[in-house]
Amino acid sequence: MSSLLSQMLKGGIRYAIIDMKELELLSSAEVRSILGVLGGFRDAGGDIVLCNVSDRILHVLEILDLRDFLTIMLPFECESAQHVPAW
Amino acid sequence: MRVDAEKHYRILVPVDLDEGAIEGFCGELEVVLEDKPNIVLIDCSRLEHATSGHINLLWEAQTKCDEAGVAMQLVSVRYGLERVLKVLDLYDLFTMGYDHVEVGGQPPEDPSNSGVSLEIEFKSSMAGINNALRRFHDFLVRLGVPGTIAFDLEIVFYEVATNIRRHSGLSEEDSIAFSATPEKDEISLRFADSGEPFDPRSASFDFDPRMAVRKKQINGIGLTMIQRLVDDITYRRVGDRLNVVTLTKKLR
């Protein structure tokens with residue numbers, strides 16, 4: 001996923017929406033992938049946005065102090081967003 | 001609908017808001033209100049993702065209860081719904097009940113009564129770790145461990161196992177011994193491997209996401225997750241050849 005996000009950034013895409021719906025387990029690898037390219041997106045005036053984040057994953061993001069640091073779509077916003085499943 | 005001896009009615013909010021479901025919910029509420037209960041509990045346990053339709057339904061229920069002079073509480077409110085209500089400045093307009101729901105859905109058994117433990121040995125390859133993780137998951141389900149805690153434990157399992165795989169110098173054919181033992185109101189996870197000595201308590205990270213992104217130094221996330229998701233960690237080096245890490249987490 002990290003390389004896909006890097007490619008998107010190099011291609012001039014400023015916003016990436018990551019659909020977490022199918023994610024069964026949030027490991028440090030996924031967190032590292034997001035944080036590794038997040039700075040590039042934000043420096044370019046964009047962002048990485050997470051959608052369909054379950055309660056369980058939110059809990060893990062919270063213990064890593066990431067819940068407010070990352071941009072997380074509200075459930076009703078996810079419904080109307082067009083996004084690409086990244087995992 | 002459920003009613004208890006103190007005349008508290010409980011009505012479940014439907015997830016799918018087709019016409020029939022909305023009519024069913026509103027009809028049930030009207031019947032309940034005719035009975036003039038002490039309180040109506042609106043059960044939101046199924047609303048992992050709340051939509052504007054759900055908000056409208058809750059608002060309608062609140063209005064009807066107000067008109068009938070009956071107190072209403074939202075119970076089993078999940079984070080998604082809570083956040084939507086807060087964003088819309090509606091949170092304070094509802095009364096929240098203190099009824100906790102676990103994500104797993106089924107009421108948990110008392111894990112301390114199970115009297116069972118899990119002992120497995122698996123290869124340190126990714127396939128070996130993933131197979132062992134599935135067995136651990138099944139064990140936690142059988143044990144009735146609440147969903148959120150089970151999820152945390154599975155993350156801890158995965159992070160410890162992959163940490164051993166990456167950093168202990170083991171080959172893919174080397175094995176990791178694992179046991180999970182529930183005791184009273186906690187569970188202990190024990191990992192034993194014959195790799196390089198490493199005490200997971202020795203690495204102390206003050207993980208700061210802003211600094212990590214700015215400096216592009218994304219280290220220590222796995223250990224931070226492990227340290228913050230369990231209540232206690234012990235480490236022993238046995239006979240200069242075996243690492244034994246025991247992680248304990250409260251189940252309630």
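Everything below is about the structure printed above this text.
Everything numeric in this text was worked out from a predicted model, so none of it was measured.

**What to know about the interface of chain A and chain B**
Listed per partner, the contact involves 25 residues of chain A and 33 residues of chain B. The set of elements that each furnish at least two residues to the side of chain A that touches chain B consists of helix 2 (28-43), helix 3 (55-63) and helix 4 (75-80) of chain A. It is helix 2 of chain A that contributes the most residues to the side of chain A that touches chain B, 7 residues altogether. For the side of chain A that touches chain B, the class distribution of residues is 14 nonpolar, 6 polar and 5 charged.

**Remarks on the packing of helix 1 (residues 19-34) of chain B against helix 2 (residues 52-68) of chain B**
Residue and element names in this part refer to chain B. Put simply, helix 1 and helix 2 touch, their axes get as near as 11 Å, and they point 15° apart. When the interaxial angle is binned, helix 1 and helix 2 end up roughly parallel. Like other packed secondary-structure pairs, helix 1 and helix 2 cross with a definite hand, here right-handed. The segment helix 1 lies against helix 2, with Ile22, Phe25, Cys26, Leu29 and Leu33 engaging Leu57, Glu60, Ala61, Lys64, Cys65 and Ala68. Here the residues of the contact of helix 1 with helix 2 are counted per class, giving 9 nonpolar, no polar and 2 charged.

**Focus on the sheet that holds strand 3 (residues 71-72) of chain A**
Sheets are built from strands that pair by backbone hydrogen bonding, the pairs being arranged parallel or antiparallel. All names here are of chain A. Taking strand neighbours across the sheet as the criterion, the 3 strands line up as 1-2-3 in an open arrangement whose pairing is parallel. Here the strands that pair on one side only, and so sit at the sheet edges, are strand 1 (15-19) and strand 3. Strand direction decides the pairing type here: strand 1 and strand 2 (residues 47-51), joined by 5 bridges, are parallel. Among the inter-strand pairings, tyrosine 15 is bridged to a residue of strand 2, identified as aspartate 47. Helix 2 contacts strand 1 and strand 2 of the sheet and is inclined by roughly 130° relative to strand 2.

Criteria and cut-off values
Residues numbered from 1 in each chain as written. Chains lettered and ligands numbered in written order. Predicted model: local features only at pLDDT ≥ 70, side-chain atom pairs only at ≥ 80, totals over all residues. Contact = placed C-beta atoms within 7 Å. Helix = DSSP H or I, 4+ residues; strand = E, 2+ residues; numbered from the N terminus. Nonpolar A, V, L, I, M, F, W, Y, C, P; charged D, E, K, R; others polar. Axes fitted to C-alpha atoms, helices over the stretch in contact; angles between N-to-C directions. Parallel < 35°, antiparallel > 145°, perpendicular 65-115°, else oblique. Left-handed = near helix turned anticlockwise from the far one by under 90°. Pairing = 2+ DSSP bridges.

Purely geometric numbers; function is a separate question.
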